[in-house]
Amino acid sequence: MTIFCSHCHRPLQAEMSCLPRRGKQAPSASKPFRSTKSASKARRDQINAELQALRSLLPISAREKERLSYLHTMALVCLRLRGAQLFPPDSAPPAGPALGAELLSLLPGFLLVLSVNGKLVYISENVAQVLGLSMVELLAQGDTVFDILDGRVCEDVRRKLLLAQEEPGREVTFVSEMRTSKAFRLQHGGNRAVAVHGRFTALRWPASPSTTAFLAFCTPVVRLPADGDAGSQDDLFHSMHVLDMTFTDVTESVTYHLGYRREELIGQSWYSLLHPEDADLAAAQHKAVGESLGAGAAAGTAVLRVLRRDRTWAWLHVSARRDGGGHAITCTSHCLR
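Numbers given to residues run from 1 along each chain, matching the order in which its sequence is written. Local features in this predicted model are restricted to residues of pLDDT 70 or higher, and side-chain atom pairs are both shown and tallied only at a pLDDT of 80 or more, whereas totals for entire chains, interfaces and linings draw on every residue. With hydrogens and water set aside, each side-chain value is computed from the structure's full complement of heavy atoms.

(A) Region of the structure containing the overall build of the protein chain. Summing up its helical and strand segments, the protein chain has eleven helices and ten strands in all. With 337 residues in all, the protein chain has 40% of them scored as buried. Residue contacts are counted whenever heavy atoms from the two residues lie within 4.5 Å of one another. Look at the contacts in the protein chain between residues 6 or more apart in sequence, and 50% of them connect residues 24 or more apart. Labels follow the DSSP assignment, with helices taken as runs of H or I lasting at least four residues and strands as runs of E lasting at least two, numbered in each case from the N terminus. Accessibility here uses a 1.4 Å probe with only protein chains present; expressed as a share of the type maximum, an area under 20% marks a residue as buried, one over 50% as exposed, and anything in between as partly exposed.

(B) Representation of the pairing of strand β2 (residues 120-123). Note: two strands are recorded as paired if DSSP finds a minimum of 2 bridges between them. Examined bridge by bridge, strand β1 (residues 110-114) and β2 share three bridges and lie antiparallel to one another. Considered in β2, the bridge of Leu 114 is made with Leu 120. Adjacent in sequence and paired antiparallel, β1 and β2 are bridged by five residues, among which Gly 118 carries a positive phi angle near 85°.

(C) Representation of the pattern of salt bridges. Definition used for salt bridges: Asp or Glu carboxyl oxygen within 4 Å of a side-chain nitrogen of Lys or Arg. Enumeration according to the criterion identifies 14 salt bridges in this entry. With a shortest N-O distance of 3.9 Å, Arg 261 and Glu 264 are connected by a salt bridge. Given the relative accessible area of 47%, Arg 261 is considered partly exposed. A relative accessible area of 23% places Glu 264 in the partly exposed class. Within this structure, Asp 156, Arg 159, Lys 160, Glu 167, Arg 170, Glu 277, Asp 278 and Arg 305 form a network of salt bridges that share partners.

(D) Empty space enclosed by the protein, seen in detail. Using a grid of 1 Å spacing that covers the protein atoms alone, one calls a set of points a cavity when a 1.4 Å probe fits there but cannot get out, and a pocket when the set is open and has protein on both sides within 12 Å along at least five of seven lines; lining residues are those with an atom within 4 Å of a point. Grid points are joined across faces, edges and corners, and a volume is the space filled by probe spheres set on the points. Under the counting rule described, the total for this entry stands at two cavities of 30 Å³ or more. Of the pockets and cavities examined, the largest cavity occupies roughly 80 Å³. Lining of the largest cavity is provided by Met 245, Trp 270, Tyr 271, Ala 282, Gln 285, His 286, Val 289, Leu 304, Ala 320, Ile 329 and Cys 331. At the level of elements, α11 (279-291) and β10 (328-336) are the ones that each hand at least two residues to the lining of the largest cavity. Here the lining of the largest cavity gets four residues from one element, more than from any other, and that element is α11. Classification convention: Asp, Glu, Lys, Arg as charged; Ala, Val, Leu, Ile, Met, Phe, Trp, Tyr, Cys, Pro as nonpolar; all other residues, Gly among them, as polar. The class makeup of the residues in the lining of the largest cavity is nine nonpolar, two polar and no charged.

(E) A look at the UniProt feature "domain: PAS" (unreviewed entry) in the protein chain. UniProt positions are given in the numbering used here, feature names are shortened, and annotations may be inferred rather than shown by experiment. Taking the UniProt record as the reference, the feature "domain: PAS" (unreviewed entry) is found at residues 102-168 and 250-278. Secondary structure across residues 250-278 divides into 31% helix and 3% strand, with the first and last C-alpha atoms of the span separated by 21 Å.

(F) Spatial organisation of a nonpolar patch on the surface. Think of a patch as exposed residues, more than 30% relative accessible area, with no salt bridge, where like charges cluster within 9 Å and nonpolar side chains (Val, Leu, Ile, Met, Phe, Trp, Tyr) cluster within 5 Å. Reported accessibility uses the Shrake-Rupley method at a 1.4 Å probe radius. Residues are deemed covered only where the shown protein chains occlude them. Where nonpolar side chains cluster on the molecular surface, the patch consists of Leu 54, Leu 57 and Met 74 and spans about 270 Å² of accessible area. Taking the relative accessible area as the measure of exposure, Leu 57 reaches 66% and is therefore exposed.

(G) Inspection of the nonpolar core at higher detail. Residues belong to one nonpolar core when they are buried, are Ala, Val, Leu, Ile, Met, Phe, Trp, Tyr or Cys, and are joined through side-chain atoms within 4.5 Å. The biggest cluster of nonpolar side chains holds 36 residues, and the ones touching the most others in it are Leu 76, Leu 120 and Phe 214. Ignoring sequence-local partners within four residues, the contact set of Phe 214 consists of Leu 112, Val 113, Leu 114, Leu 161, Ala 164, Val 172, Val 196, Gly 198, Arg 199 and Phe 200. In this structure, Met 245, Trp 270, Leu 307 and Ala 320 belong to the second largest nonpolar core, which totals 25 residues.

(H) Highlighting the side chain of His 257. Residue position: His 257 is located in helix α9 (residues 254-258). For His 257, the contacting residues outside a window of four places in its chain are Asp 234, Asp 235, Leu 236, Phe 237, Arg 308 and Cys 335.

(I) Representation of the packing of aromatic side chains. Between rings of Phe, Tyr and Trp, where Trp is taken as its six-membered ring, a pair exists when centres lie within 6.5 Å; planes separated by under 30 degrees are stacked, by over 60 edge-to-face, and by other angles tilted. Following the criterion strictly, the structure yields two aromatic pairs and no others. Over a ring means this: the NZ of a Lys or the CZ of an Arg is within 6 Å of the ring centre and within 35 degrees of the ring normal. Across from the ring centre of Phe 146, 4.2 Å away, lies the NZ or CZ of Arg 158, which sits over that ring.

(J) Main features of helix α3 (residues 70-86). Helix span, expected: 1.5 Å multiplied by one less than the number of residues in the helix. With 17 residues, α3 ought to run about 24 Å at 1.5 Å a step, and its terminal C-alpha atoms sit 25 Å apart, in line with that. Among the residues of α3, those classed as buried are His 72, Thr 73, Ala 75, Leu 76, Val 77, Leu 79, Arg 82, Gly 83 and Leu 86. Against α1 (36-57), β2, α6 (135-138) and β5 (212-220) lie the buried residues of α3.

(K) Here's a closer look at the environment of Ala 284. Counting through the fold element by element, Ala 284 comes out in helix α11. Exposure remark for Ala 284: the relative accessible area of 43% places this residue in the partly exposed category. The spatial distance from the C-alpha of Ala 284 to the C-alpha of Ala 302 is 9.4 Å, given a sequence separation of 18 residues.

(L) Highlighting the environment of Asp 280. Position of Asp 280 among the secondary structure elements: in helix α11. Here Asp 280 falls in the exposed class, since its relative accessible area comes to 52%. Placed 124 residues apart in sequence, Asp 280 and Asp 156 show a C-alpha to C-alpha distance of 8.4 Å.

(M) Structural view of unusual backbone geometry. Here Met 245, not a glycine, exhibits a phi torsion of approximately 75°, which is positive. Positionally, Met 245 belongs in the loop between β6 (236-241) and β7 (247-250). Backbone geometry at Arg 311 places phi at a positive 70°, although glycine is not the residue there. With respect to the helices and strands, Arg 311 occurs in the loop between β8 (298-307) and β9 (313-323).

So, in structure tokens, the structure goes:
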């Protein structure tokens, strides 16, 4: 028996092609229609409720909680989770919240803990005294140490952290500008230069990436000179070199800063004074000078450690350029304190 369609009076076919076309498939008992707008709102409400619950658990003031965006909340939650992984509740961190605010305020710098991949794990609250940003505000910059550093030194910092990771217990140091508040930059003319001194330590055994952290102490140094800033003549000396960085001349003020007499340095290589950890950075700067076009072409700057005559290390902010018709290199070295 043939069944005819009531719409077109043709025999019904398997594909039911004569039925009115719709943009969506017909609902079924197993897959009823749902409003996309309603479903999205329900998901947003659920996410917001979860974020509110997480925000309420953060150990920060109510005023700071009110200022947190959702992304900021997640950054803080991730920070706390990384801290809980490295410092379980049954073990107090050696440089963690157990330190009182009074004790932290007496330190000439702040404490920093990083995971093996450079993620921020802990920043002591007195960071605000150095950078003008609270720990909560600093996390708005990002969740890795590279997000709060001057981008020009990130590659060098990565190399030093890798070196420290390969040799646990070995101390490494680097100097870089760290991001600060707008009020701080207006008052001091720029970001704050900070010396970071630390090493990787296994917090629990057996040692593994999940139980190892970089523990560091960060102290401020004098403001790094801006490009073209002559600065105080009391804080710098000039040196002249042939293209392989052998000293050909140096100003007498080098004696005050490094302890050497001018005659002792002439004929020596600049590399003989450098700290081994800073040799790669100095070589990169040297290469940039060699590739600069023409005499007087600037080649950037670097912060390096140089050996004093008394066998201690001096931090220098060194800017170099081609000079003497392109056949010599002139360096201006600012001593950082």
